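As a plain string of letters, each chain reads:
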Amino acid sequence: MFAVHLLAFHFTKLKEDQIKKVDRYLYHMRLSDDVLLDVMARFQAEMVKGLGRDTNPTATVKMLPSFVRSLPDGSEKGDFLAVDLGGSQFRAHQVKVFDDGKQSSQLESKFYPTPKEVTQGNGAELFDYVADCLLDFMETKNLKHKKLPLGFTFSFPCKQTKLEEGVLLAWTKHFKVRGVQDTDVVSALRKALQKHKDIDIDVLALVNDTVGTMMTCGYDDQRCEVGLIIGTGTNACYMEEMRHIDLVEGDEGRMCINTEWGAFGDDGALDDLRTEFDRELDLGSLNPGKQLFEKMISSLYLGELVRLILLKMTKEGLLFNGKVSTALLTKGKIEMKHVSAMEKYKEGLSNTKEILTELNLFPSEEDCIAVQHVCTIVSFRSANLCAATLAAILTRLKENKKLLRMRTTVGIDGGLYKTHPQYAKRLHKVVRRLVPTCDVRFLLSVSGSGKGAAMVTAVAYRLAAQRKQIDAALAPFLLSLETLREVKNKMRTELEYGLKRETQASATVKMLPTYVCGTPDGTEKGKFLALDLGGTNFRVLLVKIRSGRRRSVQMYNKIFAIPLEIMQGTGEELFDHIVQCIADFLEYMGIKGARLPLGFTFSFPCRQASIDKGTLVGWTKGFKATDCEGEDVVDMLREAIRRRNEFDLDIVAVVNDTVGTMMTCGYEDPNCEIGLIAGTGSNVCYMEDMKNIEIVEGNEGKMCINTEWGGFGDNGCIDNIRTQYDKEVDEGSLNPGKQRYEKMTSGMYLGEIVRQILIDLTKQGLLFRGQISESLRKRGIFETKFLSQIESDRLALLQVRRILQQLGLDSTCEDSIIVKEVCGAVSKRAAQLCGAGLAAIVEKKRENRGVEHLQITVGVDGTLYKLHPHFSRVLRETVKELAPQCDVTFMLSEDGSGKGAALITAVAKRLHNVGQK
């Protein structure tokens, strides 16, 4: 028993001695975590360099755009062919993808050798060989009669400008084919296939094997956004944000970047980590000075590294009693399969003895232990370096997503990872240590590069079909110049109907006289109260106007909410609530006793008989208070003040917010004779010649006309441009069949139009994986402010996804792009329609004045115009296009409904005083 223990102790001591000896000899190859974190930082810097337009030409890590923009979503289906060139064998595949809800696929493959005369011959021979093998495969599988799309996996660095094209930058691994570098390999393959007249193949996608691996794993796990190959060669790809890829136009979405990280260090960035053995191996390779990182990592080189180390150690008398065999002197005699066999857990030492004996080295037990440890250090260094660069990619993904902690999947393939007994475990452990905030799943790819090419092709097929459906849904929102001219002309006709006595009653654009007969002239002064009712909030203002040299307007205001039950209760309750708010304000300002002149901004259609009489034509914007329509709102306000019996006010004018907007801008710019509101609602007013207003007595001077153009189209005159979504929004509104133009142009409804489109696209399986969430079913959930946020140029898709998540919509990157596109189509149409209507007004003003060329200012207010990133620009461009003889200046109104109401009151007082004199 004692003898056994002694023997075990002796063996352990022997093993420790040998391990220490090798550790000392190869201490340069043993990398600490600090060194690995440094490598990680260096690689991150190289990635940034490769992505930048100016720095890419000198970058060693080329960060090649693959033009793969989307991962599989499980709805792909069909029959696809794939060929895979780049490893030790050439492979042809048939992939069937089933849309059965289980995400299943079927793969049939055939392997062909890649003889040296093919891998190191000329280009024509290589591609003829590929075409011949494919023909043989199709005959075997009885596919010659079918037209099938093909994905081409080509595992070498290529520069792509589209998915179905790739110019070879350089051969790697053991390939060195003449006449192919700097040419398009897809064209070469198509040329070779065309020689076979009996087959019809459409090469749809060129894919790198790394991208293929990511796509294959992405089909099984939708979190997969990194592909990694550790085999004969090594490489990684990942999904990068388009806004960071300077080499490709556009900022929307993501694209897979093929890093081509094998060339990391070709500029000397890793020279401090490369050993004499790395240098010797590089000098004896097919491509000295190139792919230096790959030569430290991939299975093509690790066996040779081990041989060079053993050779030097033997020459120094540290192994095999200093006796060098011919085999040990022969390049390529130790391969990766030998290294893997020597590192096996239990039979490793006996394998080592057997392999070394075959090399005529006659090892001792000490030699076997030492050689096994050399293999461990070489393969461990490979796993460490690979982990450091992978950690850099994972960190970049996490930072792109602005996450504190990230869950993701890495699709992985390659002989070294699959067959080496310790490699996978070591890699996983080091990655988790270097990026503890990433929860990484490593998913082994099954026939990744071949099936992956088919998946890329299937995704391209799916996206093309989806594109057609999305284009069809959004086509009705794209208005041609001709259509917009038609809208302008129809608006002009309706404006005339509203002004004429005999047609006014049936006109949809009501053209209501406001009895505002002048704009400010600068002599207005005094204290005025203003009320502003037109949305979910109600404001009371005290406005002090000074005239003369120190002309100014000072305002004090307070905002009060109007609860829904009051908006939709009785008229008496609504006006009692308004008077309660006025009383609070007067008390707050300490002016309860003063009888001040008051202007009442009432932003709903009113028929006025004088400036202080306004009969409500009909509620809009969600108001539904009873017993108000057909009543004079000034009388209702006076009645409510009387009921309260606390204070008295001189109600001088009832004002529409659009008129207030015009007046506010008119105070600054006398050329302002049009007011436009583009916010919750949509409306325009303008100064019309009295002689054209048949429904008001008198022909002298001008009067402001409140067009109430929201009702344009209520007679069906624009039905040709109304979509199914507009009809759904109208039918679900509080006033079906009314305010049709407003429902296509105003903030209150744009979000709802978007929601209807999103529901339709989801039903078609084009969004949110075909699942209509509970929140998407809720009317009004998609507020117009979300359109403004989503369409902001500064907003990355990640932030768009966050907005959608707030709405309970779990979206992918592709979903976010589609949602952004839908928002853009809806808001652009709104701005164009608004522009067409406004063009009709400015043209009318030009004709009224009888001038060839008109210069005029439009006062504008409303959140849609002010906050939406593109609405104002599109509106201005449309007016310019449709009214080229009018030079229109747009002026933002500062508080049209409050300050405007006070100014109208002041102008009315001034004109009244002039009249009395």
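To be clear, the structure that these remarks concern was listed above.
Note that this is a predicted model, so its numbers are computed, not measured.

Draft legend 1. Representation of the overall build of the chain in the model. For the chain, the helix and strand inventory stands at 31 helices and 26 strands. Viewed in the frame of its principal axes, the chain has a C-alpha envelope of about 125 × 70 × 50 Å. Looking at the chain as a whole, 59% of its 917 residues are labelled buried. Long-range contacts, defined here as pairs at least 24 residues apart, represent 71% of the contacts in the chain between residues at least 6 apart. Looking at the chain as shown, the accessible area adds up to about 37,700 Å², and 50% of this sits on carbon and sulfur atoms.

Draft legend 2. Spatial organisation of the state of the cysteines. All told, the structure shown has zero disulfides when counted by the stated rule. We note that Cys438 lacks a disulfide partner, and the nearest cysteine sulfur, in Cys224, lies 14 Å from it. Looking at Cys704, it has no disulfide partner, and the nearest cysteine sulfur is the one in Cys685, 3.8 Å off.

Draft legend 3. Broad picture of the environment of Ala460. You can see Ala460 is positioned in helix H16 (residues 448-474). Exposure remark for Ala460: the relative accessible area of 21% places this residue in the partly exposed category. A C-alpha to C-alpha distance of 23 Å links Ala460 and Ala131, two positions 329 residues apart in sequence.

Draft legend 4. Helix H9 (residues 299-315), seen in detail. With 17 residues, H9 should reach 24 Å at 1.5 Å per residue; the first-to-last C-alpha distance of 25 Å fits that figure. When you tally the buried positions in H9, you get 14 out of 17 residues, the bulk of the element. A positive backbone phi angle near 80° is found at Gly317, which sits one or two residues after H9.

Draft legend 5. Structural detail: the packing of aromatic side chains. Scanning the model with the defined rule gives 24 aromatic pairs in all. Residues Phe43 and Trp261 carry aromatic rings whose centres are separated by 5.8 Å and whose planes lie at 75° to one another, so their mutual orientation is edge-to-face. Taken together, the positions of Phe43 in helix H2 (residues 33-51) and Trp261 in the loop between strand E11 (254-258) and helix H7 (276-283) put the pair 218 residues apart, joining distant regions of the chain. When sorted by exposure, Phe43 lands in the same class as Trp261, which is buried. Directly above the ring of Tyr588 sits Lys558, whose terminal nitrogen or CZ lies 4.6 Å from the centroid.

Draft legend 6. Representation of the environment of Ile309 within the structure. In this structure, Ile309 sits in helix H9. For Ile309 and Cys375, which are 66 residues apart along the polypeptide, the C-alpha to C-alpha distance reads 9.7 Å.

Draft legend 7. Structural context of the sheet that holds strand E17 (residues 552-561). Taken together, the five strands give an open sheet; going across it, the order is E17-E16-E15-E18-E21, and neighbouring strands pair in mixed fashion. Either end of the sheet is taken by a strand with one partner, and the two such strands are E17 and strand E21 (650-655). Here the average twist between neighbouring strands, direction ignored, is 20°. Helix-sheet contacts for helix H20 (residues 571-589) involve strand E15 (526-533), strand E16 (537-546), E17 and strand E18 (597-602), and the interaxial angle to E17 is about 130°.

Draft legend 8. The sheet that holds E11, seen in detail. The strand order E1-E11-E10-E9-E12-E13 describes an open sheet built from six strands, whose pairing is mixed. The sheet is open, and its two edges are formed by strand E1 (64-65) and strand E13 (438-444), each paired on a single side. As judged from the five bridges shared by strand E9 (residues 224-230) and strand E10 (residues 234-241), these two strands associate in the antiparallel manner. Paired with Leu228 across the two strands is Ala236, which belongs to E10. Packing against the sheet, helix H15 (residues 423-434) makes contact with E9, strand E12 (406-413) and E13, and its axis sits at approximately 160° to E13.

Draft legend 9. View of the side chain of Thr745. The topology assignment puts Thr745 in helix H24 (residues 742-745). Within the structure, Thr745 has its side chain in polar contact with the backbone oxygen of Tyr741 (distance 2.9 Å). Here Thr745 is in contact with Ser682, Leu750, Ala830, Leu833, Cys834, Leu864 and Phe871, once residues within four sequence places are set aside.

Draft legend 10. Local environment of the packing of H7 against H9. The N-to-C vectors of H7 and H9 enclose an angle of 120°; their axes lie 10 Å apart at closest approach. As the angle between them shows, H7 and H9 are arranged oblique. Here the hand of the crossing between H7 and H9 comes out right-handed. Two secondary-structure elements touch here, H7 through Glu276, Phe277, Asp278, Glu280 and Leu281 and H9 through Tyr301, Glu304, Leu305, Leu308, Ile309 and Lys312. For the contact of H7 with H9, the per-class residue count stands at six nonpolar, no polar and five charged.

Draft legend 11. Representation of the pairing of E9. Taking burial as the measure, the seven residues of E9 include seven buried ones, the bulk of the element. Here five bridges tie E9 to E12, and the two strands are oriented parallel to one another. When the bridges of E12 are listed, Cys224 appears paired with Thr409. Following E9, the chain reverses through three residues before pairing antiparallel with E10.

Draft legend 12. Seen up close, the pattern of salt bridges. Inspection of every chain in the model, using the stated rule, returns 65 salt bridges. Between Arg462 and Glu76 there is a salt bridge, with its nearest N and O atoms 2.5 Å apart. Of this pair, Arg462 sits in helix H16 while Glu76 is found in the loop between E1 and strand E2 (78-85), placing the two residues 386 residues apart along the sequence. No difference in accessibility class separates Arg462 from Glu76, as the two residues are buried. Between Arg777 and Glu774 there is a salt bridge, with the nearest N and O atoms lying 3.5 Å from each other.

Draft legend 13. Structural detail: unusual backbone geometry. A positive phi angle is found at Asn321, which is not glycine, with a value near 55°. As for its placement among the helices and strands, Asn321 is situated in the loop between H9 and helix H10 (326-329). The class for Asn321 is exposed, based on a relative accessible area of 74%. In the Ramachandran plot, Phe362 falls in the positive-phi region, its phi being about 45° despite a non-glycine side chain.

Draft legend 14. Broad picture of the nonpolar core. Core analysis: the biggest nonpolar cluster contains 112 residues, and Leu228, Ile230, Leu394 and Leu427 have the highest contact counts within it. Sorting elements by how many residues they give to this core places helix H13 (residues 365-400) first, with 18 residues. For Leu228, the residues in contact, after removing those within four places along its chain, are Thr210, Thr213, Asn235, Ala236, Trp261, Cys386, Leu390, Val410, Gly411, Ile412, Asp413 and Leu427. One finds Ile721, Phe768, Cys834 and Val860 within the second-largest nonpolar core, a separate group that totals 84 residues.

Draft legend 15. A look at the environment of Ala192. Position of Ala192 relative to the elements: it lies in helix H5 (residues 185-194). Separated by 111 residues in the primary sequence, Ala192 and Gly303 place their C-alpha atoms 36 Å from one another. Here Ala192 is in contact with Phe127, Asp128 and Ala131, once residues within four sequence places are set aside.

Parameters at a glance
- Residue indices follow the written sequence of each chain, beginning from 1 at its first position.
- Local features in a predicted model are, by the rule used here, given only for residues with pLDDT of at least 70; side-chain atom pairs are given and counted only at 80 or more, and totals for whole chains, interfaces and linings are based on all residues.
- The side-chain values count all of the structure's non-hydrogen atoms but skip hydrogen atoms and water molecules.
- Put simply, DSSP marks the helices as runs of H or I at least four residues long and the strands as runs of E at least two long, and each gets a number from the N terminus on.
- Think of it in three bands: residues with accessible area under 20% of the maximum for their type are buried, residues over 50% are exposed, and the middle band is partly exposed, with areas taken using a 1.4 Å probe on protein chains only.
- Only heavy atoms enter the contact rule, under which two residues are in contact if any of them lie within 4.5 Å.
- Accessibility throughout is a Shrake-Rupley quantity obtained with a 1.4 Å probe, and a residue counts as covered only by protein chains that appear here.
- The term disulfide is used for any two cysteine sulfur atoms that are within 2.5 Å.
- To estimate the expected span of a helix, count its residues, drop one, and scale the result by 1.5 Å.
- Between 30 and 60 degrees the pair is tilted, below 30 it is stacked and above 60 it is edge-to-face, where a pair is any two Phe, Tyr or Trp rings, Trp via its six-membered ring, whose centres lie within 6.5 Å.
- Charges are assigned to positions over rings by a cutoff of 6 Å between ring centre and Lys NZ or Arg CZ, combined with an angular limit of 35 degrees from the ring normal.
- One bridge is not enough; two strands pair if DSSP finds at least two bridges between them.
- Axis lines are fitted to C-alpha atoms, over the contacting stretch for helices. Their N-to-C directions set the angle, which ranges from 0 to 180 degrees.
- N or O atoms closer than or at 3.5 Å make up a polar contact, with two conditions inside protein: a donor-capable atom paired with an acceptor-capable one, and, for residues adjacent in sequence, both atoms drawn from side chains.
- An angle below 35 degrees is treated as roughly parallel, one above 145 as roughly antiparallel, one from 65 to 115 as roughly perpendicular, and anything else as oblique.
- Take the far helix as your reference; a near helix turned counterclockwise from it by less than a right angle gives a left-handed crossing, and one turned clockwise gives a right-handed crossing.
- The nonpolar class holds Ala, Val, Leu, Ile, Met, Phe, Trp, Tyr, Cys and Pro. Asp, Glu, Lys and Arg form the charged class, and all remaining residues, Gly among them, are polar.
- A side-chain nitrogen of Lys or Arg and a carboxyl oxygen of Asp or Glu constitute a salt bridge if their distance falls within 4 Å.
- Buried residues of nine kinds, namely Ala, Val, Leu, Ile, Met, Phe, Trp, Tyr and Cys, make up a nonpolar core once their side-chain atoms join them within 4.5 Å.

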